[in-house]
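# Descriptive structure summary
The residues making up each chain are set out below.
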Amino acid sequence: RGARRPVRSPKRQQSEAPAEQGLRRHLSAAELRDLFDALAAEGSDAIQLADVIREQELVQQHVPELLAKWSEIDTDDSGDISWDEFRMFFGGVDEWLEFQLGEVVGLEDLKSQIRRFYRGVVLDQARRRHGHNLGADSGKYHMVFQGNPGTGKTSMGRLMARLLHRVGILPKDDLTEVQQDQLVAGYVGQTAAKTQKVIEEAAGGLLFIDEAYRLSQGKNEFGKEAIEQLMAAMNEPVSKAPIMIFAGYPADMRNFMAQNDGLYRRGPPPPASPPP
């Protein structure tokens with residue numbers, strides 16, 4: 001490789017609202033390539049930790065998360081950062097999402113659903129910026145994941161948490177996974193408080209309720225109390241409550257949703273449901 005090109009200083013677009021940008025302003029493809037070439041050692045096609053230390057001033061100026069999130073960026077655990085990994089993490093959401101979906105084998109229908117969901121979110125954000133009233137149902141991102149064990153429900157939940165964070169819907173990309181035992185208490189009057197504690201701890205992120213159908217099976221009065229507490233929180237802003245995913249076996253989840261039709265009124269149809 002020849003002499004390094006100077007890194008063009010990224011210019012902040014004044015027209016973009018900070019809330020729509022998430023944690024950082026994503027760099028253009030050309031800016032990213034210049035920066036990657038400046039950081040990687042001569043003759044190398046990857047960034048090493050030694051490069052980050054050597055160019056720490058450049059890193060702090062443009063990509064301060066490079067060191068703090070090294071293990072997350074290094075998706076193949078190779079110990080260095082390739083161009084694809086660098087571009088995926090520091091580029092726009094489109095590049096990041098396609099990289100993540102490319103790591104998943106099969107599930108093409110599911111990938112298409114996630115792409116449509118993402119495009120819908122971006123379109124809603126653009127409409128809001130232009131002053132359009134999107135109605136009471138807009139901005140509700142609660143979901144239902146139906147699938148047997150091993151179909152990737154939890155993994156896709158983590159992906160959705162990261163996606164919603166990257167597009168500025170969630171202030172953090174944390175996923176909190178719970179089952180009935182973490183929501184239900186053993187005595188009358190205690191379940192609501194226990195469930196509310198989980199809600200408050202997960203606020204700002206995504207709450208993944210696995211085997212959610214167990215909350216309404218049989219004469220489970222405590223479970224119904226937990227469902228009522230969850231439904232009440234589904235109308236709250238993300239600063240006070242998480243976005244929720246209700247997950248479980250297909251047949252059981254269909255019965256669960258039929259028994260708790262109030263869930264449909266608090267969220268759109270599921271944008272992504274792993275196949276049975």
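Notes on the structure follow.

Here is what the cut-offs are and how they apply
- Residues numbered from 1 in each chain as written.
- Predicted model: local features only at pLDDT ≥ 70, side-chain atom pairs only at ≥ 80, totals over all residues.
- Heavy atoms only, no water.
- Helix = DSSP H or I, 4+ residues; strand = E, 2+ residues; numbered from the N terminus.
- Expected span 1.5 Å × (residues − 1).
- Buried < 20%, exposed > 50% of the residue type's maximum accessible area, 1.4 Å probe, protein only.
- Arc of directions from axis to C-beta.
- Contact = heavy atoms within 4.5 Å.
- Phe/Tyr/Trp six-rings, centres within 6.5 Å; stacked < 30°, edge-to-face > 60°.
- Lys NZ or Arg CZ within 6 Å of the ring centre and 35° of its normal.
- Axes fitted to C-alpha atoms, helices over the stretch in contact; angles between N-to-C directions.
- Parallel < 35°, antiparallel > 145°, perpendicular 65-115°, else oblique.
- Left-handed = near helix turned anticlockwise from the far one by under 90°.
- Nonpolar A, V, L, I, M, F, W, Y, C, P; charged D, E, K, R; others polar.
- Core = buried A, V, L, I, M, F, W, Y, C linked by side-chain atoms within 4.5 Å.

## Digging into helix α12 (residues 191–202)
Between its first and last C-alpha atoms α12 spans 17 Å; for twelve residues at 1.5 Å apiece the expected length is 16 Å, and the two agree. Of the residues making up α12, those classed as buried are T191, T195, V198, I199 and A202. Viewed along the axis of α12, the buried residues span an arc of 100°, placing them on a single side of the element. Looking at α12, the residues exposed on the side facing more than 90 degrees away from the buried face are A193, E200 and E201. Check the buried side of α12 and you find it contacts β4 (175–178), α11 (180–183), β5 (206–209) and α13 (221–233). Two residues or fewer past α12, G204 is found with a positive phi of approximately 90°.

## Considering the packing of aromatic side chains
A full pass over the atoms with the stated rule returns nine aromatic pairs. Seen from their ring centres, F145 and F208 are 6.5 Å apart, and the 75° between their planes marks the pair as edge-to-face. Of this pair, F145 sits in strand β3 (residues 143–146) while F208 is found in strand β5, placing the two residues 63 residues apart along the sequence. On the accessibility criterion, F145 (0% relative accessible area) is buried. Plain terms: the ring middles of Y213 and Y249 are 5.9 Å apart, the flat faces sit at 50° to each other, and that makes the pair tilted. Here Y249 lies in the loop between β6 (243–248) and α14 (250–259) and Y213 lies in the loop between β5 and α13, a separation of 36 residues in the sequence. Taken together, the ring pairs in this structure connect F36, W83, F86, F89 and F90 into an aromatic cluster. A cation over an aromatic ring shows up here: R33 above the ring of W83, its NZ or CZ 4.4 Å from the ring centre.

## So, the packing of helix α9 (residues 108–129) against helix α10 (residues 153–166)
In the contact formed by α9 and α10, the axes pass within 12 Å of each other and the chain directions differ by 20°. When the axis of α9 is compared with that of α10, the two are roughly parallel. Judged by the sense of rotation from one axis to the other, the crossing of α9 with α10 is right-handed. On the side of α9, the interface is formed by L110, I114, F117 and Y118, while α10 contributes M156, L159, M160, L163 and L164. Classifying every residue of the contact of α9 with α10 gives nine nonpolar, no polar and no charged.

## Details of the nonpolar core
Counting 28 residues, the largest nonpolar core has I114, L163 and L164 as its most contacted members. At the level of elements, α8 (93–102), α9, β3, α10, β5 and β6 are the ones that each hand at least two residues to this core. With six residues, the top contributor of residues to this core is α10. Counting residues in hydrophobic clusters, the runner-up holds 25 residues, among them L207, I209, A233 and M244.

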